[in-house]
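# Structural overview for review
Each chain is listed here by its residues.
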Amino acid sequence: MCGIVGYVGHRDALPTLVSGLRQLEYRGYDSAGVAILDEDGLWIRKEVGRVDDLARSLDGAPRSQVGIAHTRWATHGGVTQQNAHPHTDGVGRIALVHNGIIENMVPLVAMLRAEGVVFTSETDTEILPHLIRKAWRGDPVDAVRAALRQVQGTFGVAVMFADHPDIVVVARNGSPLVIGLGDGETIVASDPQAIVALTRRVIHLQDRQMAVIRADGAELHGLYDGRRHDQSVELIDGDYGVADLEGHPHFMLKEIHEQARSISRCLNGRVSREDGNARLGGFEMRPRELVGVQRVVLLGCGTSYHAGMVGAMAIEAMARVSARAEIASEFRYRHPIVSNDTLYLAVSQSGETIDTLGAVQEVQLKGGAVRGIVNVVGSTIARTCGQGVYLHSGPEVAVASTKAFTSQVAAMLTFTLMLARTRNLDLGQGRSVAAELLAIPEKVAALLANPGPIDDVVESVARARYVLFLGRGFSFPVALEGALKLKEVAYVPCEGYPAGEMKHGPIAMIEKGAPVIVVAPRDAQRDKVVSNLREVAARGARIIVIHTQGDDELAQLADIAIPVPSTPDWASPLLTAIPLQLLAYRTGIALGRDIDKPRHLAKSVTVE
Ligand code: AGP
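Residues numbered from 1 in each chain as written. Predicted model: local features only at pLDDT ≥ 70, side-chain atom pairs only at ≥ 80, totals over all residues. Heavy atoms only, no water.

Next up on the list: the packing of helix 7 (residues 259–267) against helix 13 (residues 403–421). One way to put it is that helix 7 packs onto helix 13 with a least axis distance of 9 Å and a crossing angle of 30°. By the criterion of interaxial angle, the relationship of helix 7 to helix 13 is roughly parallel. The crossing of helix 7 and helix 13 is right-handed. Judged by residue contacts, Q259, S262, I263, C266 and L267 of helix 7 engage K403, T406, S407, A410, A411 and T414 from helix 13. Residue composition of the contact of helix 7 with helix 13, grouped by class: five nonpolar, five polar and one charged. (Axes fitted to C-alpha atoms, helices over the stretch in contact; angles between N-to-C directions. Helix = DSSP H or I, 4+ residues; strand = E, 2+ residues; numbered from the N terminus. Parallel < 35°, antiparallel > 145°, perpendicular 65-115°, else oblique. Left-handed = near helix turned anticlockwise from the far one by under 90°. Contact = heavy atoms within 4.5 Å. Nonpolar A, V, L, I, M, F, W, Y, C, P; charged D, E, K, R; others polar.)

Below is the structure:
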């Protein structure tokens, strides 16, 4: 979603700002802009489209040692040049970029209009430079503070001033900002990815903090009380880095093919075949505490919610502990009952999803304990939870999540083994679970080396008016995930459904030749799924089945059969999801879609 970069230092700001924006492109955006200084004041360019379009408009730019830049994902107002950031005050001496949403926009706009302010965009953001101008008494920090005191909602802002060319003022409430401390230069960004090329020494700005950024460092204050805050400088670890396509045409395909390695990185050093057990040090839970867990609630959005569904089923099936997955955006506003005997797990690739963060904060407010299952090291959710595990998948750049899903499932299965060993799983059973888990990367590698007749499915899916994904038990979240991938990457109308529920409505959608993708590994529910398959086949559906290798009886019932290696039912999503990821990818290619940056989507969803 929206991205911020700001710079003050000794070098020409513009190339640094533009390359920072390029590092944020993966997050999803629809327009981009930059503000620097020339001898008369602010020099601003904005373009609809890609950072490349912006870069092409920068010919003849002045050299400036300060600047701010932004990628916008439209929330208030259409995708236009006027609505792109930076926005300025009426006299063009203050420029500002903003991530987040101003919730009391209507009264603030009315107040400013009544005072004669003329708005040049439809955005909520434009309110902010006007408020700063209104509060101006000569001190930039006081003016930003006075303006932000009037604002309700979430924000990360970076502000520059034509009359104070040596500073950028930043403030945070709900939208992340990280300050990078270089040698005689300071950079700020909404995502460390835009910083690491310059420095790995960072300060994570906290909510309700602001900072004055100068070439020689940053000075932190309380946003509302103005009190000076100490800095805690951290070193960004090696997981960050400029992601490279490494010869693949798209990040999505690269990340699909990384899964044997990413799952293995997630399991290594955690799952022990010999002990028949697992260890997740970051959870900081001894067996005695694990025994006290009566319930597990997994919180997440989108793909992370689907992974949470798999985790909840595994925890119930293997550890016999009551568990459920919750959509974070629903959970946080439901006034949920939070109890001390429940363990809450926040599942997120980016660690920045605002609804998951909101759910975490709601649990914490009610006295509950939340652990994170997060990919991005040092992200807001990871920091807010304090305890938890990292997926160690490496950067996931494609908007459509693939390797993070399988790593999330692997991490939750690791936790499940740990929990189950404190209860009903004996050493022998623990060893066999550990062995099955550790065998997964090899099976994923074999599947990716020979993924089956996926290309035979692409044509009918690409021209379908409706595609139905069906699964039962552990395969139901996989059906949901397969449909989500196809929507995101190929924009093909489709839905995932529990196979047994299909005849209660969706079966009406089946026309002759409609592709129905049935996820049916050989598990306890396999025979029931076969009945459902026959029901849609009888109505003319074209059946594509994902089945366990060697299940020839099932393969013969399908128009196209895609085999996956055999594994226990609780591990099957780690394999059955992969052909569906490839199907979405190849269908997107066939339809000429923008695979890594699908329309309207953002990698990191930081608004509600
Ligand atoms: C996945 O393909 C999606 N882009 C999306 O559903 C994503 O999983 C969701 O926004 C949650 O993101 P997170 O894992 O970073 O919290």
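On to the sheet that holds strand 2 (residues 31–38). Pairing in this open sheet of eight strands is antiparallel, and the strands run 3-2-4-1-10-9-11-15 from one edge to the other. Because the sheet does not close on itself, it has two edges, and the strands there are strand 3 (41–48) and strand 15 (234–235). As paired elements, strand 11 (residues 201–204) and strand 15 share two bridges and run antiparallel to each other. Residue pairing across strands places V202 opposite E234, the latter belonging to strand 15. On the sheet, helix 1 (residues 13–24) packs against strand 1 (3–8), strand 2, strand 4 (66–72) and strand 10 (186–189) and is oriented at approximately 155° with respect to strand 1. (Pairing = 2+ DSSP bridges.)

The next subject is the pairing of strand 12 (residues 209–214). With respect to burial, strand 12 is a largely interior element, five of its six residues being buried. Both strand 12 and strand 13 (residues 217–222) contribute to a ladder of six bridges, which runs antiparallel. Of the residues in strand 13, the one forming a bridge with V212 is E219. A loop of two residues connects strand 12 with strand 13, the two strands running antiparallel in sequence. (Buried < 20%, exposed > 50% of the residue type's maximum accessible area, 1.4 Å probe, protein only.)

We now examine the packing of helix 14 (residues 427–449) against helix 19 (residues 573–590). What describes two packed helices is the angle between their axes and the distance between those same axes. Packing of helix 14 against helix 19 brings their axes to within 10 Å, and their N-to-C directions diverge by 30°. Classified by the interaxial angle, the pair formed by helix 14 and helix 19 is roughly parallel. For the pair helix 14 and helix 19, the crossing hand works out as right-handed. Mapping the contact onto sequence places I440, K443, V444, L447 and L448 in helix 14 and L574, L575, I578, P579 and L582 in helix 19. Classifying every residue of the contact of helix 14 with helix 19 gives nine nonpolar, no polar and one charged.

A few words on the site of the ligand. S304, S348, S350, T353 and E488 are the nearest of the 15 residues found near the ligand. A distance of 2.4 Å separates an oxygen atom of the ligand from a polar atom in the side chain of T353. Here V399 contributes a backbone N or O atom positioned 2.9 Å from a nitrogen atom of the ligand. When the ligand sits alone it has 410 Å² of accessible area, and the protein chains cover 92% of it. Elements with a contribution of two residues or more to the shell around the ligand: helix 9 (302–319) and helix 16 (475–490). Residue classes in the shell around the ligand are distributed as five nonpolar, eight polar and two charged. When residues are assigned to domains, the shell around the ligand turns out to be shared by domain 2 (247–449) and domain 3 (451–608), each giving three or more. (Near = heavy atom within 4 Å. Polar contact = N/O pair within 3.5 Å; in protein donor to acceptor, adjacent residues only side chain to side chain. Areas by Shrake-Rupley, 256 points an atom, 1.4 Å probe, with all protein chains shown as cover. Domains from an automatic or database assignment.)

All right, on to the environment of R228 then. Counting through the fold element by element, R228 comes out in strand 14 (residues 228–229). On the basis of relative accessible area, R228 is assigned to the exposed category, the value being 59%. For the pair R228 and Q209, spaced 19 residues apart in sequence, the C-alpha separation works out to 9.7 Å. In contact with R228, other than residues within four places in its own chain, are E219, L220 and H221.

The next subject is the state of the cysteines. Inspection of the entire model under this criterion finds zero disulfides. Free cysteine: C301, not disulfide-bonded; nearest cysteine sulfur from C385 at 13 Å. Cysteine C494 shares no disulfide, and the gap to the nearest cysteine sulfur, in C301, comes to 19 Å. The buried category is assigned to C494, whose relative accessible area is 9%. (Disulfide = S-S within 2.5 Å.)

Turning our attention to helix 1. Relative to the 16 Å expected for twelve residues at 1.5 Å per residue, helix 1 spans 17 Å between its end C-alpha atoms, a close match to the ideal helical length. For helix 1, the full list of buried residues reads A13, L14, T16, L17, V18, G20, L21 and L24. Check the buried side of helix 1 and you find it contacts strand 1, strand 2, helix 2 (51–56), strand 4 and strand 10. (Expected span 1.5 Å × (residues − 1).)

By size, the foremost hydrophobic cluster in this structure holds 95 residues, and its most contacted members are V296 and F415. Mapped onto the domain boundaries, this core takes at least three residues apiece from domain 2 (247–449) and domain 3 (451–608). Setting aside residues no more than four positions away along its own chain, V296 makes contact with I315, V321, S322, A323, R324, T342, L343, L345, F415 and L419. Core analysis: the next-biggest nonpolar cluster, separate from the first, contains 29 residues, I132, L148, V157 and L223 among them. (Core = buried A, V, L, I, M, F, W, Y, C linked by side-chain atoms within 4.5 Å.)

For the rest of this paragraph, the subject is the domain arrangement of the protein. When its domains are assigned, the protein resolves into domain 1 (3–235), domain 2 (247–449) and domain 3 (451–608). Each of domain 1 and domain 2 has a C-alpha centre, and these two points are 35 Å apart. Interface of domain 1 and domain 2: buried area, both sides summed, is about 730 Å²; carbon and sulfur atoms make up 49% of it. Counting across the domain 1 and domain 2 interface gives one salt bridge. Among the salt bridges present, the one from E234 reaches R383, with a minimum N-O distance of 3.3 Å. Counting across the domain 1 and domain 2 interface gives one residue pair in polar contact (both at pLDDT 80 or more). (Buried area = accessible area lost by both parts, 1.4 Å probe. Salt bridge = Lys/Arg side-chain N within 4 Å of Asp/Glu carboxyl O.)

Further remarks concern the packing of aromatic side chains. On inspection of all chains with the given rule, the structure shows three aromatic pairs. Ring plane angle 55° and centroid distance 6.3 Å describe the contact between F331 and Y344, whose orientation is recorded as tilted. Highlighted residues: F331 in helix 10 (residues 328–331) and Y344 in strand 20 (residues 342–348), separated in sequence by 13 residues. According to the relative accessible area criterion, F331 is buried, its value standing at 0%. A residue is classified by how much of its surface remains accessible, and Y344, at 1% relative accessible area, is buried. When the ring centre of Y29 is taken as origin, the NZ or CZ atom of R50, which lies over that ring, is 5.4 Å away. One residue, R599, lies across the ring of Y491, its end atom 3.9 Å from the ring centre. (Phe/Tyr/Trp six-rings, centres within 6.5 Å; stacked < 30°, edge-to-face > 60°. Lys NZ or Arg CZ within 6 Å of the ring centre and 35° of its normal.)

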